[in-house]
Amino acid sequence: MSNAAGKALLISPIRNGTVIDHISAGEALNVLKILGITGSTTECLSIATNVTSGRIGKKDIVKIENRELKKEEVDRIALIAPKATINIIRNFGVFEKKGVRIPPVLKGVVRCPNPGCISNTMEPIQSTFEVIPKGLRCMYCDWVITKDIANYII
Amino acid sequence: MKHIISIRDFTREELDGLLDHARRIEQGGYAGNELAGRILALLFFEPSTRTRISFETAMARLGGERISLDCVEASSIVKGESLADTIRVISGYADAIVLRHPKEGAARLAAEFASVPVINAGDGAGQHPSQTLLDLYTIREHLPLRGIEIGLLGDLRYGRTVHSLTYALSLYDVMVHAIAPEGLKLPQNVIHEMKEREMEVHEWSDISKIIGDLDVLYVTRIQRERFPDAASYYSVASSYRVTPELLAGGKPHLIVLHPLPRLDEIDPRVDSLPHARYFEQARNAVPVRMALLKEVMG
Ligand SMILES: [Zn+2]
């Protein structure tokens with residue numbers, strides 16, 4: 001494949017949907033996991049990983065056709081890709097561009113690592129974490145996750 | 001609606017308010033019918049006789065009634081029903097719920113589903129705020145909480161009462177001496193948090209080096225099952241035992257506390273010394289829990 005062809009593939013435009021750019025390299029699949037996009041979803045997806053970028057060295061890009069991500073969906077991405085930018089595309093043009101911001105509370109995104117925590121039982125609740133400067137704190141058992149947050153994503 | 005879930009939910013002013021209230025109660029400042037016609041539900045999913053009886057006593061002294069689910073009944077419920085459902089049902093019967101549960105965070109969950117106040121009476125290795133309140137209360141009845149030096153002795157790693165007491169003490173201007181054998185030391189994250197909160201924490205492994213500086217000695221149980229064999233347990237347990245000989249090196253006003261039940265941590269000969277305040281501490285559970293019940297249902 002020629003370089004030009006590769007580039008063309010990477011930037012092939014979508015008519016309507018969302019482009020998530022500047023994802024930390026290697027995190028594209030985790031981004032999809034956070035967004036709840038699995039193999040069984042019907043959206044047309046393109047994923048590019050380890051793309052050279054002047055701004056952050058290497059980056060990943062995800063494009064989702066015919067789906068405009070909502071703010072609370074994209075903010076979850078900030079956990080693992082704090083520099084990501086979200087482009088909402090309408091009729092081939094960028095309709096809206098925004099950064100990501102970690103929300104103060106994360107519900108149902110991360111599993112509590114504490115096996116004794118009530119959120120790891122069959123109770124009808126979602127895991128709930130408060131975002132604190134050094135990481136995430138379980139609002140049920142006070143357990144603090146400081147690193148490898150992606151490992152705990154549900 | 002006010003729940004009592006974690007000591008972390010309290011400001012210093014709120015703690016002081018509750019402790020002052022408990023003192024007024026202890027001095028006879030209650031009529032005995034404040035909670036007449038009210039029903040307290042005690043849900044104990046694991047045994048804790050002392051905590052349960054003191055809540056029952058506190059409710060009876062305020063003229064209220066109680067219903068309870070002991071741990072045998074509770075464990076049969078566990079098989080078929082979620083805690084969330086149990087709490088929703090009991091909310092329809094009682095005016096407040098006291099919950100003891102083996103899972104951490106159970107009380108926080110209960111508060112989400114309850115339509116009446118929930119008091120956490122211990123959730124697994126998590127919080128037990130009424131114990132912390134009565135520990136603080138006992139210290140405060142003897143000494144000003146400001147400027148004193150407190151020794152925490154024993155299993156500081158797994159001891160839940162110690163972690164929540166340490167947190168509460170960090171709201172006051174005290175110095176903490178953490179005295180523990182290797183392997184049972186105060187966790188680094190707890191020490192780190194206390195330092196962030198500008199509390200002075202010093203670590204020791206030999207109690208005799210620091211006994212002379214202490215105003216309060218808070219003793220906790222060292223559990224046999226934390227050690228690989230009986231011999232290593234006995235050697236550690238004997239060097240952390242509180243005896244009249246050890247206390248002879250302490251200040252005259254030094255008070256010794258223990259959340260009870262004790263095993264061999266405190267020599268029975270200590271019981272008759274003026275330092276021994278652990279039975280008084282156990283008695284204080286009643287006015288402190290009366291204050292809590294009035295706080296949530298009054
Ligand atoms: Zn948890």
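Residues numbered from 1 in each chain as written. Chains lettered and ligands numbered in written order. Predicted model: local features only at pLDDT ≥ 70, side-chain atom pairs only at ≥ 80, totals over all residues. Heavy atoms only, no water.

A. Main features of a nonpolar patch on the surface. Nonpolar side chains collect at one region of the surface, where Leu29, Leu45 and Ile47 of chain A lie side by side and expose about 260 Å² of accessible area between them. Residue position: Ile47 of chain A is located in strand β2 (residues 45-53). (Patch = residues over 30% accessible without salt bridge, like charges linked within 9 Å, V, L, I, M, F, W, Y side chains within 5 Å. Areas by Shrake-Rupley, 256 points an atom, 1.4 Å probe, with all protein chains shown as cover. Salt bridge = Lys/Arg side-chain N within 4 Å of Asp/Glu carboxyl O. Helix = DSSP H or I, 4+ residues; strand = E, 2+ residues; numbered from the N terminus.)

B. The coordination of the zinc ion, seen in detail. All names here are of chain A. The coordination sphere of the zinc ion, as far as protein atoms go, consists of Cys112 (SG), Cys117 (SG), Cys138 (SG) and Cys141 (SG), spread over 2.3 to 2.4 Å. Classification of the site at the zinc ion as tetrahedral follows from its 4 donor atoms and the range of 101 to 117 degrees in their angles at the metal. As a motif over one chain, the donors of the zinc ion read C-x4-C-x20-C-x2-C. According to the relative accessible area criterion, Cys112 is buried, its value standing at 4%. We classify Cys117 as buried; its relative accessible area is 0%. (Donors = N, O, S within 2.8 Å, 3.2 Å for Na, K, Ca; no water. Tetrahedral: all angles 85-135°; square planar, octahedral: opposite > 155°, others 65-115°. Buried < 20%, exposed > 50% of the residue type's maximum accessible area, 1.4 Å probe, protein only.)

C. Looking closely at the interface of chain B and chain A. Listed by partner, the interface residues are 17 residues for chain B and 14 residues for chain A. Carbon and sulfur atoms supply 51% of the area buried between chain B and chain A, which totals about 1200 Å² over both sides. Joining chain B to chain A, the criterion identifies 1 salt bridge. Asp142 of chain A is paired through a salt bridge with Arg8 of chain B; the nearest N and O atoms lie 3.9 Å apart. Where chain B meets chain A, there are 8 residue pairs in polar contact (both at pLDDT 80 or more). No other element matches helix α5 (residues 106-113) of chain B, which puts 5 residues into the side of chain B that touches chain A. Taken together, the residues of the side of chain B that touches chain A break down into 5 nonpolar, 5 polar and 7 charged. (Contact = heavy atoms within 4.5 Å. Buried area = accessible area lost by both parts, 1.4 Å probe. Polar contact = N/O pair within 3.5 Å; in protein donor to acceptor, adjacent residues only side chain to side chain. Nonpolar A, V, L, I, M, F, W, Y, C, P; charged D, E, K, R; others polar.)

D. How the structure looks around the pattern of salt bridges. Summed over all chains, the structure comprises 24 salt bridges over all chains. In this structure, Arg108 of chain B and Asp9 of chain B form a salt bridge, with 3.3 Å as the shortest nitrogen-oxygen distance. Linking Arg108 of chain B in helix α5 with Asp9 of chain B in the segment before α1 (12-26), this pair joins segments that are 99 residues apart in sequence. Take Asp9 of chain B: its relative accessible area is 41%, and that puts it in the partly exposed class. One salt bridge connects Asp16 of chain B with Arg12 of chain B, and the closest N-O pair in it is separated by 3.6 Å. Taken together, the positions of Asp16 of chain B and Arg12 of chain B, both in helix α1 and 4 residues apart, correspond to about one turn of that helix. Taking relative accessible area as the criterion, Asp16 of chain B reaches 19% and is therefore assigned buried. What you see here is one network of salt bridges that share partners, running through Glu130, Arg137 and Asp142 of chain A together with Arg8 and Glu193 of chain B.

E. Focus on the sheet that holds strand β3 (residues 57-65) of chain A. Residue and element names in this part refer to chain A. Ordered by their spatial adjacency, 5 strands build an open sheet running β2-β3-β1-β4-β5, and the pairing between neighbours is antiparallel. Of all strands in the sheet, those bounded by a partner on one side alone are β2 and β5 (93-99). Ignoring strand direction, the axes of neighbouring strands in this sheet form an average angle of 20 degrees. Sheet topology note: the strand β4 (residues 85-90)/β5 ladder contains 6 bridges and is antiparallel. The residue of β5 that forms the bridge with Thr85 is Gly99. (Pairing = 2+ DSSP bridges. Axes fitted to C-alpha atoms, helices over the stretch in contact; angles between N-to-C directions.)

F. Highlighting empty space enclosed by the protein. Residues and elements named next belong to chain B. The tally for this structure, following the rule as stated, stands at 1 cavity of 30 Å³ or more. One number sums up the size of the largest cavity: a volume of about 70 Å³. Every residue lining the largest cavity is listed: Leu153, Gly154, Val219, Thr220, Ile222, Tyr233, Ala237, Tyr240, Asp264 and Glu265. Considered class by class, the residues forming the lining of the largest cavity number 6 nonpolar, 2 polar and 2 charged. (1 Å grid on protein atoms, 1.4 Å probe; cavity = no way out; pocket = protein on both sides within 12 Å on 5 of 7 lines; lining within 4 Å. Points joined across faces, edges and corners; volume = space filled by probe spheres on them.)

G. Representation of helix α9 (residues 230-239) of chain B. All names here are of chain B. Of all the positions in α9, only Tyr233, Val236 and Ala237 are classed as buried. Considered in projection along α9, the buried side chains sweep an arc of 100 degrees and stay on one side of the axis. Summarising the geometry of α9, the exposed residues directed more than 90 degrees from the buried face are Ala231 and Tyr234. Its side-chain oxygen at 3.2 Å from the backbone nitrogen of Ala231, Asp229 defines the N-terminal cap of α9. (Arc of directions from axis to C-beta.)

H. The confidence of the model for chain A, seen in detail. Looking at chain A as a whole, the pLDDT averages 84, with 91% of positions reaching at least 70. The spread of mean pLDDT over the elements of chain A runs between helix α1 (residues 3-11) of chain A, the lowest at 48, and strand β7 (residues 128-132) of chain A, the highest at 93. (pLDDT = per-residue confidence, 0-100.)

I. Summary view of the packing of α1 of chain B against helix α12 (residues 285-297) of chain B. All names here are of chain B. Put simply, α1 and α12 touch, their axes get as near as 8 Å, and they point 115 degrees apart. Considering how the two elements wind past one another, α1 and α12 form a crossing that is right-handed. Here Leu18, His21, Ala22, Ile25 and Glu26 of α1 come into contact with α12, specifically with Pro287, Val288, Met290, Ala291, Leu292, Lys294 and Glu295. The residue inventory of the contact of α1 with α12, partitioned by class, reads 8 nonpolar, 1 polar and 3 charged. (Left-handed = near helix turned anticlockwise from the far one by under 90°.)

J. Fine view of the pairing of β4 of chain A. Residue and element names in this part refer to chain A. Counting buried positions along β4 gives 5 out of 6 residues, so the element sits mostly inside the fold. Here 5 bridges tie strand β1 (residues 17-24) to β4, and the two strands are oriented antiparallel to one another. The residue of β4 that forms the bridge with Asp21 is Thr85.

K. Quick look at the domain arrangement of chain B. All names here are of chain B. Taken domain by domain, chain B comprises domain 1 (7-127 + 285-297) and domain 2 (143-276). In this structure, domain 1 and domain 2 have C-alpha centres spaced 28 Å apart. Counting from both sides, the interface comprises 16 residues of domain 1 and, opposite them, 10 residues of domain 2. Roughly 1100 Å² of surface becomes buried between domain 1 and domain 2 when both sides are summed, with 50% attributable to carbon and sulfur atoms. Sorting the residues of domain 1 by area buried against domain 2 places Arg8, Arg12 and Arg50 first, and these three jointly supply 49% of that buried surface. Remark: the boundary between domain 1 and domain 2 carries 1 salt bridge. The salt bridge involving Glu193 is made with Arg8; its shortest N-O contact spans 2.9 Å. The interface formed by domain 1 and domain 2 holds 2 residue pairs in polar contact (both at pLDDT 80 or more) in total. (Domains from an automatic or database assignment.)

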